[in-house]
Amino acid sequence: MKKEIIIVWFRQDLRIIDNPALFEASKIAQILPIYILDDINPGEWQMGEASRWWLYHALKSLKSDLKGNLQFFKGDPLAILEKLIQAYRIRGVYWNRCYEPWRIHRDKKIKDFLKREHIENRSFNASLIREPWEVLKQDDSPYKVYTPFLKQGYSRLMGEPVTTLPEPSQYLFFPDKVQGATELEKLKLIPAIPWYTSLNAFWEPQKISGLQKLNDFLENGLQDYDPGRDYPSRTKTSRLSPYLKFGQISPGQIWNALFGRKESSSLFTFRKELVWREFSYYLLYHFPHMPIQNLKKKFDHFPWSSKTDTLISWKKGQTGIPLIDAGMRELWQTGQMHNRIRMITASFLVKNLQIHWLEGAKWFWDCLVDADLASNSASWQWVAGSGTDASPFFRIFNPVTQGEKYDEMGAYTRKYVPELADLPDKYLFKPWTASESILSQAGITLGLHYPAPMTDLANSRKEALEAYQSLKLFPH
C-alpha cells in the first residue's frame, strides 16, 4: 500500500527551524516539500528582479537543508495541487499563512478546493509574533495609530519570550521526483543579463544564514543601534530584513534572542522596530487596498506631477542633490538602502518633486532584495502623509542638512557619488553653492561631471506645502 503524503508548501517561510507547517506535517506522514513560483496570481505585485535573485539563493539553501528533497513548480498553485492530488495519495496540504491581499484571495480558493476533495488543510502563523486579528480595539475595530497598537498588543510581550519550534527530529520524505516538478535553475530567477554582480559583492544569502546574521548583529551592532542606526556610514543596522522577508529567520527567533541581554535604549528601539514591521502587516491585512490607494482619502485630490524625465533622474541617482543620488545609487548597486536615507529619498520624490508615492513604491519594489508589500506600502504612505499613522506632510526632509548631520565626514555620499569625492565637506551636500574655482579644483563642472540640482529645495518645499493646503478644501 502506498503511504499517505502531506504536501508542505513553502512560501515565505524558507527555513526548517521554527516552521510550524513542516514541524506538524513531519509528525504525521511522509512529507512532500514543494515550492511554487506563482507569477500568475500576484498581478502587478509579481516579485521584483532583486527579490528573485535573493529567492534563488534562499531556495538553494533550503533544498540543501531538506537533503535535496525540495521540489519546484511554476504556475498557478491551484492547478498544480489539483494534479498532485490526482496523481498521488495526498492526505493533506500544510502551509504557513501569508497576508498579502492577492495571496489571501488565492489561498481561500485553494482551501475551498481541498475541502471539496476531502483533503486535510492546515495553515499556521510563521511570519508574525501576533496575528492581525488578535489585536483590536474594544469595539473590535483595528488600530490606526502605531503607539496604542504597540501598547495594547505588545507591551506585555516586551518582558517575555514567545513560543518557537525546533527543527523536526526526523523526516520521512516522499522518495521520488514528482510529476510536473522542475529544476531550480529552470525557474529562471537569475536574470540573463548579469546586472546583479554588485549584489553578490554585498550579500551572501546562501553562505550566511539568517541566524548567523542575527548573531553578528547582536554581538557587533545592537549595543550602538540607537542612535547608530541613523548614520548610513556606520554598520549598526541589522540587515536582517531580506532574511525576514523570505522567512529564512522568524520574528520569534529574533524576539527570543533579545532576552537575557541588558536592557538599554538600543534594545528597546530594536524591539519597537520589530513591532513596526508587525504594524505594517496589520495595516495591510485590515486595509488591503493600502498598496494602491491612499489611506487618507483627501490625498486622492493632491495635484501630483507627471514629469517622466524627473522620475527617471530620481531613479538613476542623477538629481543633482548629492545625498539623494547616493541613496538611489546604493539601492541600484546593493539591492538595499539605509533606512534614514529611504525616508529622505522618498520625501524628496513625494514632496519636493510632487510625484505620487506609488511611483516610488514600485521602483523600490523592483530594486530591493527585501521588497515586502506590507512594509513598502506602509512606509511610503507614512512618508507621503497619506497613511493612517503618517508623518505630517509638512515634515519635509532637507537632504542638505540631513547629510551634514548624519553623513559623518561625507563617507556615505563620497562612496556612492565618487564624482564629488574631492569637494570640501562644506560643499559636498550642496555643490551648487561652491565657487567655480573650488569646483574646478575638485575636477567638477556642474551639468557635465555632475548634474545641476533639478529643483530648488526651498522653493519646492514651499510649493509642496501650498499644494497640501489645497487639500484642506476636502473633508477627509
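See the structure above.
Residues numbered from 1 in each chain as written. Predicted model: local features only at pLDDT ≥ 70, side-chain atom pairs only at ≥ 80, totals over all residues. Heavy atoms only, no water.

**Student:** What should I look at first to understand the sheet that holds strand β1 (residues 5-10) in this one?
**Tutor:** Working definition: the strands of a sheet are paired by backbone hydrogen bonds and lie parallel or antiparallel to each other. Reading across from one edge, β3-β2-β1-β4-β5 is the order of the five strands in this open sheet, with parallel pairing throughout. Edge strands, defined here as strands with exactly one partner in the open sheet, are β3 (71-74) and β5 (120-124). The sheet shows a mean angle of 25° between the axes of neighbouring strands, direction not considered. Looking at chain direction, strand β2 (residues 30-37) and β3 are connected through four bridges and run parallel. (Pairing = 2+ DSSP bridges. Helix = DSSP H or I, 4+ residues; strand = E, 2+ residues; numbered from the N terminus. Axes fitted to C-alpha atoms, helices over the stretch in contact; angles between N-to-C directions.)

**Student:** Even after reading the chapter, I still don't get the packing of helix α13 (residues 322-334) against helix α15 (residues 357-367), so can you show me in this structure?
**Tutor:** Helix-helix packing is described using two parameters, namely the angle between the two axes and the distance between the axes. Packing of α13 against α15 brings their axes to within 9 Å, and their N-to-C directions diverge by 35°. Across from Met328, Leu331 and Trp332 in α13, the residues of α15 making contact are Trp363, Phe364 and Cys367. By residue class, the composition of the contact of α13 with α15 is six nonpolar, no polar and no charged. (Contact = heavy atoms within 4.5 Å. Nonpolar A, V, L, I, M, F, W, Y, C, P; charged D, E, K, R; others polar.)

**Student:** When you look at the environment of Phe202 in this model, what are you seeing that I'm missing?
**Tutor:** For Phe202, the position within the fold is in helix α6 (residues 197-202). For Phe202, a relative accessible area of 24% corresponds to the partly exposed category. Each C-alpha atom, one on Phe202 and one on Pro232, is 15 Å from the other, the two residues being 30 residues apart in sequence. (Buried < 20%, exposed > 50% of the residue type's maximum accessible area, 1.4 Å probe, protein only.)

**Student:** Could you clarify how one ought to interpret the environment of Glu359 in this entry?
**Tutor:** With respect to the secondary-structure elements, Glu359 resides in helix α15. Take Glu359: its relative accessible area is 32%, and that puts it in the partly exposed class.

**Student:** Sorry if this is basic, but what is going on with the pairing of β2 here?
**Tutor:** Residues in a regular strand project their side chains so that they alternate between the two faces of the sheet. Extensive coverage of β2 is indicated by the burial of eight of its eight residues. Burial along β2 is two-sided: the face carrying Gln30, Leu32, Ile34 and Ile36 and the face carrying Ile31, Pro33, Tyr35 and Leu37 are both buried. Here β1 pairs with β2 via six bridges, running parallel. Each bridged residue has a counterpart across the sheet, and for Ile6 the counterpart in β2 is Ile31.

**Student:** Honestly, unusual backbone geometry in this entry has me stumped. Any pointers?
**Tutor:** Following Asp226, the chain continues to Pro227 via a peptide bond in cis, the omega torsion being 15°. Even without a glycine there, the phi angle at Gln354 is positive, about 55°. Examined against the element boundaries, Gln354 turns out to sit in the loop between α14 (339-352) and α15. In this model, Met409 sits at a positive phi of 60°, which is unusual for a non-glycine residue. Of note, Met409 is situated in the loop between α17 (399-406) and α18 (411-416). Residue Met409 is classed as exposed on the basis of its relative accessible area of 64%.

**Student:** Before we go on, may I ask you to explain a nonpolar patch on the surface in this structure?
**Tutor:** A cluster of nonpolar side chains, Ile104, Trp133 and Tyr285, forms an exposed patch at the surface whose accessible area comes to about 260 Å². Within the secondary structure, Trp133 is located in the loop between β5 and α5 (146-154). Trp133 gets classed as partly exposed once you look at its relative accessible area, which sits at 37%. (Patch = residues over 30% accessible without salt bridge, like charges linked within 9 Å, V, L, I, M, F, W, Y side chains within 5 Å. Areas by Shrake-Rupley, 256 points an atom, 1.4 Å probe, with all protein chains shown as cover. Salt bridge = Lys/Arg side-chain N within 4 Å of Asp/Glu carboxyl O.)

**Student:** Sorry if this is basic, but what is going on with the packing of aromatic side chains here?
**Tutor:** Geometrically, a pair of aromatic rings is defined through the distance of the ring centres and the angle of the planes. Considering all chains together, one arrives at 35 aromatic pairs under this definition. Summarising the aromatic geometry, the rings of Tyr225 and Phe270 are spaced 5.3 Å apart at their centres and angled 85° between planes, so their arrangement reads as edge-to-face. Of this pair, Tyr225 sits in helix α8 (residues 225-228) while Phe270 sits in helix α11 (residues 265-286), and the two are 45 residues apart along the sequence. The residues Tyr225 and Phe270 share a single accessibility class, namely buried. For the ring pair Phe299 and Phe302, a centre distance of 6.3 Å and an interplane angle of 15° mean the geometry is stacked. On the basis of relative accessibility, which here comes to 4%, the residue Phe302 falls in the buried class. (Phe/Tyr/Trp six-rings, centres within 6.5 Å; stacked < 30°, edge-to-face > 60°.)

**Student:** Is there a simple way to think about the pattern of salt bridges in this case?
**Tutor:** Between side chains of opposite charge, a pair can form as their charged atoms come close. Applying the stated criterion across every chain, the model contains 26 salt bridges. In this structure, the salt-bridge partner of Asp112 is Lys108, at a minimum N-O distance of 3.4 Å. Note that Asp112 and Lys108 are positioned in helix α4 (residues 101-116) at a spacing of four residues, about one turn of the helix. Of the charged contacts, one joins Asp300 and Lys297 as a salt bridge, the two residues approaching to 3.4 Å between their closest N and O atoms. For Asp300, a relative accessible area of 43% gives the class partly exposed.

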